[in-house]
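Below are the chains, spelled out letter by letter.
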Amino acid sequence: MTLRKRSATALAIATALLCSGCDLNKSVLSQALRGFVAYFDTPASVGSELTRLSDRVWTYHWYFDRTLIVQTDAGLVVVDPFNPHMATHLRQALVDAGIEPDVHTLLYTHYHVDHTRGGAALAPRNVVCHVRCDEFLDELPAEDTADVLRPTRTLEGDQRLEIGGVRIDLVALPKSHTDTMYAVHLPDEGVLFAADTVGLGVMLPAGGVSIYMPAYLAALDRLQGLDFEVFVSSHFGWGDKAAYVEAADLQRDGYRWAREALARYGTDERGISMTYDEDRFLAAFSYFYDRMKEKYGDWHGFDAMILSTFTNQIVAVTVGN
């Protein structure tokens, strides 16, 4: 958050506290939500940009969402259309860059509708995803999936695709974010795209969404073991492998420090949870916060997301998620 935004937020809170007849709790919570909205205001998550990563690979972001485009001799391979607006703007960006928007294959990294909607704007000849995507999509309200192109080919487990002279490895990451999860590895281009895994230099929104921690941490380890030079996240920016390792370490550290906090303060000698003891609960938060602040306090969104990160990690450890 910029200094101007920090000052504005502080002023708004002070105003709310001084106002007469206000719902102070609502006012304070509203300011917290303003901080949440400001979290999404970065050069890598507003506007749009098409960027070349290698001879055959491009990345395009439209506001918060980021995709991967691979130029093959048979046409383009596009990873995740996200939504109709994103897909439409991507198509125009390709035309503006002198790239024929002939999409041979649209790949879905997983079934979530914030990644799979709007593909019709790209007119792909093939739609490829995990075999269970249809199962999950069928269980959602019909209006949520009305603009999701259904697959023409489904896969399971690790797969190697060869499209137009390009090797594309689909790396299965079961149970981590969904049970339909694939990372996209281009070994000859040195590029890895892994949706909804980590954010480079940023705290995950709301502490991370729909993550089963044992499988998620195993997925991070597996991805780290791959040979790549450029890592592309499905949100915010892209960077080198070292940036990926740092982002993965944040998740490992958060899980470890949440476990340590619970071991120290979670249950007293009577077996009573810290949720019944304000002092112990705050001590657990301080234990977690101080360690995260020291190592990651300068990461984007730390102030906006540290509380949800703490609660998500504590719940994950407590319930075994």
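What you are looking at is a predicted structure, and each value in this text was computed from that prediction instead of being measured. (Residues numbered from 1 in each chain as written. Predicted model: local features only at pLDDT ≥ 70, side-chain atom pairs only at ≥ 80, totals over all residues. Heavy atoms only, no water.)

J.: Any chance you could explain the environment of leucine 149 here in plain terms?
T.: Relative to the helices and strands, leucine 149 resides in the loop between α6 (142-145) and β7 (153-155). Put simply, leucine 149 and proline 124 are 25 residues apart on the chain and 9.4 Å apart in space, counted from C-alpha to C-alpha. Setting aside residues no more than four positions away along its own chain, leucine 149 makes contact with Tyr108, Thr116, Gly119, Ala120, Pro124 and Val127. (Helix = DSSP H or I, 4+ residues; strand = E, 2+ residues; numbered from the N terminus. Contact = heavy atoms within 4.5 Å.)

J.: Looking at this structure, I do not really get the packing of helix α8 (residues 241-265) against helix α9 (residues 278-296). What am I missing?
T.: Each pair of packed helices gets described by two things: the angle between the helix axes and the distance between those axes. At a minimum axis separation of 9 Å, α8 and α9 run at an interaxial angle of 155 degrees. As judged from the angle between their axes, α8 and α9 are roughly antiparallel. Crossing geometry of α8 relative to α9 is assigned as right-handed. Residue-level contacts link Glu246, Asp249, Leu250, Asp253, Gly254, Trp257, Ala258, Glu260, Ala261, Arg264 and Tyr265 of α8 to Arg280, Ala283, Ala284, Tyr287, Phe288, Arg291, Met292, Lys295 and Tyr296 of α9. Residues of the contact of α8 with α9, tallied by class, amount to 11 nonpolar, 1 polar and 8 charged. (Axes fitted to C-alpha atoms, helices over the stretch in contact; angles between N-to-C directions. Parallel < 35°, antiparallel > 145°, perpendicular 65-115°, else oblique. Left-handed = near helix turned anticlockwise from the far one by under 90°. Nonpolar A, V, L, I, M, F, W, Y, C, P; charged D, E, K, R; others polar.)

J.: Looking at this structure, I do not really get the sheet that holds strand β11 (residues 191-194). What am I missing?
T.: Across a sheet, strands are paired by hydrogen bonds formed along the backbone, either parallel or antiparallel in direction. Spatially, the 6 strands line up as an open sheet ordered β8-β9-β10-β11-β12-β13, and their pairing is mixed. Edge positions in the sheet fall to β8 (159-163) and β13 (238-240), since each of these pairs with one other strand and no more. Adjacent strand axes in the sheet meet at a mean angle of 20 degrees, parallel and antiparallel pairs treated alike. Bridge analysis of strand β10 (residues 182-186) against β11 gives 3 bridges, and the strand direction is antiparallel. Pairing of valine 184 across the sheet is with phenylalanine 193, part of β11. (Pairing = 2+ DSSP bridges.)

Take it as geometry only, folks, not as evidence of what the structure does.
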